[in-house]
Amino acid sequence: CHPTKPTHTTAARSFGQSLSRREEQTHLELVQAPTKSAAFKLNSWCQPLVEKVAVFTSMELHVTRTPVNKHTELVAGASWSGNNELLTVGDDKLIWLWNVEGEPLALTAEVEICATSLRWHPTASGGRGGGETFVLACVDGSFKLMSKQGRVEKSVPAHTGALTAVGWSHDGTSLATAGEDGAVKSWSRNGMFRANLAQAEGTVYAMCWSPDSDQILYSSGKHLVIRPLQPSAKQTMWKAHDAPVLCLDWNPVNGLIVSGGEDCKYRIWDCYGRQLYCSAAVEYSITSVAWAPNGRYFAVGSFNMLRLCDKTGWSYSREQPTCGSVFALAWTADSTQVAASTGSGAVLFGQLVHRELSCGPFEVRQEEPASLTVVNVVEDSSEDLTFKDRVTEMSLSTTHLVVITASQCCIYATSNWNTPHIIEQRGTVSLIMQCATHFLMVDTINGLQVLNYDGRQLSKPRFQGMRQEVLCASNVAYCQETVAMVDHSDPKSIRLFDPLTAKQLGGLQHSIDVEVIAISQGKGPRRLALVDKNRDMYLTPTQGAQELNKLQIMVDTVRWCEDNTSLAAVADGHLVVWYYPETVLIDRDILPLTLLRQPAPELGKTSEILDFRGTRVTLRRSDGAVVVMSVSPYPSMLERFCSANEWEPALRLCRYVKSKQLWAVLAAMAVAGKELHTAEVAYAAIEEVDKLLFMCHIKELPTAEAREAELLLFRRRHAEAVQVLVQGGWIYRAIKMCIHSFAWEKAYDLARQHAAWLDVVLFHRQKFLRAVNKEETLPKLMQLAHEMGTVDEGAMRAKILAEKTRESERGGMAG
């Protein structure tokens, strides 16, 4: 197998940016405040922060091979089992079994005919039970179901010509095959024929299942085709490459497709056939691609090339082993090691090394598979941590380091590296998220569980239809009080749970599929940001009236600030930061004044916000380079004053900065805090005269219930405002609020329910109809007019005066 070398030269670029480890402290010089509480302490906004999900800033593959090849000819297929045993098959008709260290264990079988591929049967739980059977695709068009011991359980003639691709569905209940005859067929687990799914014009070189195992993706010349299993469903087909497609893979976690072809390029697609990335042409045809099970990166194989790429397309590393073409790639279940079968007969083992994490003053570096180095850049100290097994996953915060190995979960406090809490770990961990007092972990045995930092399990949130294998950082949101998950069986639905008790707190329902969720981390009420498949972003409370408020369109990535309520997103080529997103629930009119919109076209469409803390937003561009963009520190300082009810210092800060943006943030915070005087000053500063006059009106109201109700009405929460007045016993004011809002039927219902103020409702309704010169059309009010006849205006006004006197007396007593 000699590759054809095109005229294009290899395009190799190295991306990265050296970032400073410490930021210089910002200093303010202000006029001495008259009170101690008004003195500004800038260090107060630099608090210990929590890293939500591990984001590796760098990594590469350390490639090894045996000194002597066990296969004497081309190695056509490779597949890992759930307990990390590798099977390889070559043109020498031998099937070898390997361990995770890259050592050959045994010759499993010698078959009678050459094979093109093999696949372990997936375990029922996706855990480490290990499959006991595998399927072998053969050049005579048959496939063989074989046991782990090498015994052929069943041989099934499937295609005319060679069988080129074979794959199990993710649940292991179905098998799909494709061949040189262009046919794509489905079979039962036991090899019983089910259906002819498709017929291509030429050879189908590659095929795989969709994340839900309800569709088949296969290549047809230069095209990719998604074929649903339902006969009546419409298939999706698009031109993917400028030459025949040779390999493809579809990841169940991120839902993305990667393909490679004879045009020497690899490309990334979404499930609708939209291209997200196209590589530069390499020197030879792309012969293999494979997603890591966690969906964060994938491997690409070509002639004498093995490349590790991020999910957005850019490369972490490129290895150039002398091995010929890489024909098959297979990842271990923990996504830390990839095996490659090559044309020279060698089997390559690529271990992820040089992984780095950072949070606050700490950096964690993995130089070897079973050891870590923790560096404190402030104290200029380091600690070496050694484990009995290789490290598969880790998560770092300023207070704790959680390390997952092949058999253990080790929990370190950053104040003491000598005595970790160690618990036995059976399943493969795919996700870790931390908060202050506990952390969340997803594995293939226990599913999603919440543990404290002593290693004790607190809860296991569950719901019907939950699939732990698809849970990832984009569809799980986590904070101290709430765990939110997108329901995979109904992507329009979001489920909320208490992390301590696993009790379901409720749910959210959207009109279209939700792709990304994120929950606020700062103090105050929790807010959930969600991005749907149209890339529209919405904000909603996690408790109470869960209404969706649209914030932005064309959103690529979103992240909450770790120490306050700010929200950052990359949208339409801009970095957008909402300093106080709560404004959309308080006064949407001034929302544009409270945000920062900074042009950043160089970020690209697949950029990602890695971190947002303090005044720094750390982003990874589409080309893999890490950049830092700054935001103002003043809104964060203002939030600290307002949350502590220190309104005078907040006003002094705004007067010093003289920013309309800061005044708008203060206005929203003051309304949220029911501080009318501060809100009045802030609205005056941003020249919102109508809102200023309304604040003055609210201040003049005699009772606390009336003021609270008017503030709720100002925030467009009419039903809650009426409820507050009714609960306080101010029925007349509740009815007048409904009348002023033209909610005539609601006003009538209140008056009828309390058997009072019916004459007021009728009087104002008749007055309104005379003003607009119309006849009565509401049946309830027509009947009321018939029952009451003419309203005695004098008696009515006397009752109103008495009610207002009662309000004034109650207000005076409260004062």
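Coordinates for the structure precede this section.
Residues numbered from 1 in each chain as written. Predicted model: local features only at pLDDT ≥ 70, side-chain atom pairs only at ≥ 80, totals over all residues. Heavy atoms only, no water.

Caption draft 1: Structural detail: the pattern of salt bridges. With the rule as written, the count across this model stands at 33 salt bridges. For Lys-239, the salt bridge identified is with Asp-242, shortest N-O distance 3.9 Å. Note on Lys-239: relative accessible area 49%, which makes it partly exposed. We classify Asp-242 as partly exposed; its relative accessible area is 48%. (Salt bridge = Lys/Arg side-chain N within 4 Å of Asp/Glu carboxyl O. Buried < 20%, exposed > 50% of the residue type's maximum accessible area, 1.4 Å probe, protein only.)

Caption draft 2: A look at the pairing of strand β33 (residues 391–396). Most of β33 sits inside the fold, with six of its six residues counted as buried. When β33 meets strand β34 (residues 400–405), the two strands line up antiparallel, connected through five bridges. Pairing of Leu-396 across the sheet is with Leu-401, part of β34. (Helix = DSSP H or I, 4+ residues; strand = E, 2+ residues; numbered from the N terminus. Pairing = 2+ DSSP bridges.)

Caption draft 3: Quick look at the sheet that holds strand β12 (residues 183–188). Spatial ordering of the open sheet is given by β10-β11-β12-β13, a layout of four strands whose pairing is antiparallel. Only two strands of the sheet have a single neighbouring strand rather than two, namely β10 (163–168) and β13 (193–199). For this sheet, the mean angle separating the axes of adjacent strands, direction not counted, is 20°. Where β10 and strand β11 (residues 174–179) come together, five bridges link them in antiparallel fashion. Paired with Ala-165 across the bridge in β11 is Ala-178. (Axes fitted to C-alpha atoms, helices over the stretch in contact; angles between N-to-C directions.)

Caption draft 4: How the structure looks around helix α6 (residues 689–699). Among the residues of α6, Lys-691, Leu-692, Met-695 and Ile-698 are the ones counted as buried. With its buried residues spanning 120° around the axis, α6 presents them on a single face. Residues of α6 that are exposed and point over 90 degrees away from its buried face: Val-689, Asp-690 and Leu-693. Among the structural elements, α4 (660–672), α5 (676–685) and α7 (704–714) are those in contact with the buried residues of α6. (Arc of directions from axis to C-beta. Contact = heavy atoms within 4.5 Å.)

Caption draft 5: View of the packing of aromatic side chains. In the structure shown here, the tally under the stated rule is 23 aromatic pairs. Measuring from ring centre to ring centre gives 4.8 Å for Tyr-284 and Phe-303, while their planes differ by 65°; the resulting arrangement is edge-to-face. One end of the pair, Tyr-284, is in the loop between β21 (275–278) and β22 (288–291); the other, Phe-303, is in the loop between β23 (297–302) and β24 (305–310), and 19 residues separate them in sequence. Taking the centre distance of 5.5 Å and the plane angle of 55° together, the rings of Tyr-297 and Trp-331 count as tilted. Of this pair, Tyr-297 sits in strand β23 while Trp-331 sits in strand β26 (residues 326–331), and the two are 34 residues apart along the sequence. A network of ring pairs unites the aromatic residues Tyr-266, Tyr-277, Trp-291 and Phe-298 as a single cluster. Lying over the aromatic face of Trp-757, Lys-799 brings its terminal NZ or CZ to 5.2 Å of the ring centre. (Phe/Tyr/Trp six-rings, centres within 6.5 Å; stacked < 30°, edge-to-face > 60°. Lys NZ or Arg CZ within 6 Å of the ring centre and 35° of its normal.)

Caption draft 6: Examining the side chain of Arg-227 more closely. Its place among the elements puts Arg-227 in strand β16 (residues 223–228). Although Arg-227 is buried, it makes no salt bridge; Asp-214 carries the closest opposite charge, 12 Å away. For Arg-227, the side chain forms a polar contact with the main-chain oxygen of Leu-197, separated by 3.2 Å. Leave out the neighbours within four places in its chain, and Arg-227 touches Leu-197, Gln-215, Ile-216, Tyr-218, Ala-233 and Gln-235. (Lys, Arg positive; Asp, Glu negative; His and termini not counted. Polar contact = N/O pair within 3.5 Å; in protein donor to acceptor, adjacent residues only side chain to side chain.)

Caption draft 7: Quick peek at the packing of α6 against α7. Where α6 contacts α7, the two axes come as close as 10 Å, and the packing angle between them is 160°. Between α6 and α7, the angle falls in the class roughly antiparallel. Each of Lys-691, Phe-694, Met-695, His-697 and Ile-698 in α6 lies in contact with α7, whose residues at this interface are Arg-707, Glu-710, Leu-711 and Phe-714. Residue classes in the contact of α6 with α7 are distributed as five nonpolar, one polar and three charged. (Parallel < 35°, antiparallel > 145°, perpendicular 65-115°, else oblique. Nonpolar A, V, L, I, M, F, W, Y, C, P; charged D, E, K, R; others polar.)

Caption draft 8: Structural view of unusual backbone geometry. The phi angle at Ala-502 is positive, at roughly 65°, despite the residue not being glycine. With respect to the helices and strands, the residue Ala-502 is situated in the loop between β43 (493–497) and β44 (504–509). With a phi close to 60°, Glu-687 is a non-glycine residue in the positive phi region. Relative to the helices and strands, Glu-687 resides in the loop between α5 and α6. Glu-687 gets classed as exposed once you look at its relative accessible area, which sits at 65%.

Caption draft 9: Representation of the nonpolar core. One finds Leu-619, Leu-638, Leu-666, Val-671, Tyr-683 and Met-695 to be the most contacted residues of the largest nonpolar core, which totals 47 residues. Excluding its chain neighbours within four sequence positions, the residues that come into contact with Leu-638 are Ala-650, Leu-653, Cys-654, Leu-662, Val-665, Leu-666 and Met-669. One finds Val-722, Cys-738, Leu-758 and Leu-781 within the second-largest nonpolar core, a separate group that totals 31 residues. (Core = buried A, V, L, I, M, F, W, Y, C linked by side-chain atoms within 4.5 Å.)

Caption draft 10: Focus on the environment of Val-63. Looking at the element boundaries, Val-63 is found in strand β1 (residues 60–64). Spatially, the C-alpha atoms of Val-63 and Asp-214 are 36 Å apart, while their sequence positions differ by 151 residues. Beyond its immediate chain neighbours, meaning those up to four positions away, Val-63 contacts Leu-306, Glu-319, Leu-348, Phe-349 and Gly-350.

Caption draft 11: Expanded view of empty space enclosed by the protein. Tallied over the full model, the rule gives one cavity of 30 Å³ or more. Looking at the largest cavity, its volume works out to about 40 Å³. For the largest cavity, the full set of lining residues is Cys-561, Asn-564, Ser-566, Tyr-579, Phe-612, Gly-614, Val-631, Ser-632, Pro-635 and Ser-636. Its residues placed into classes, the lining of the largest cavity shows five nonpolar, five polar and no charged. (1 Å grid on protein atoms, 1.4 Å probe; cavity = no way out; pocket = protein on both sides within 12 Å on 5 of 7 lines; lining within 4 Å. Points joined across faces, edges and corners; volume = space filled by probe spheres on them.)

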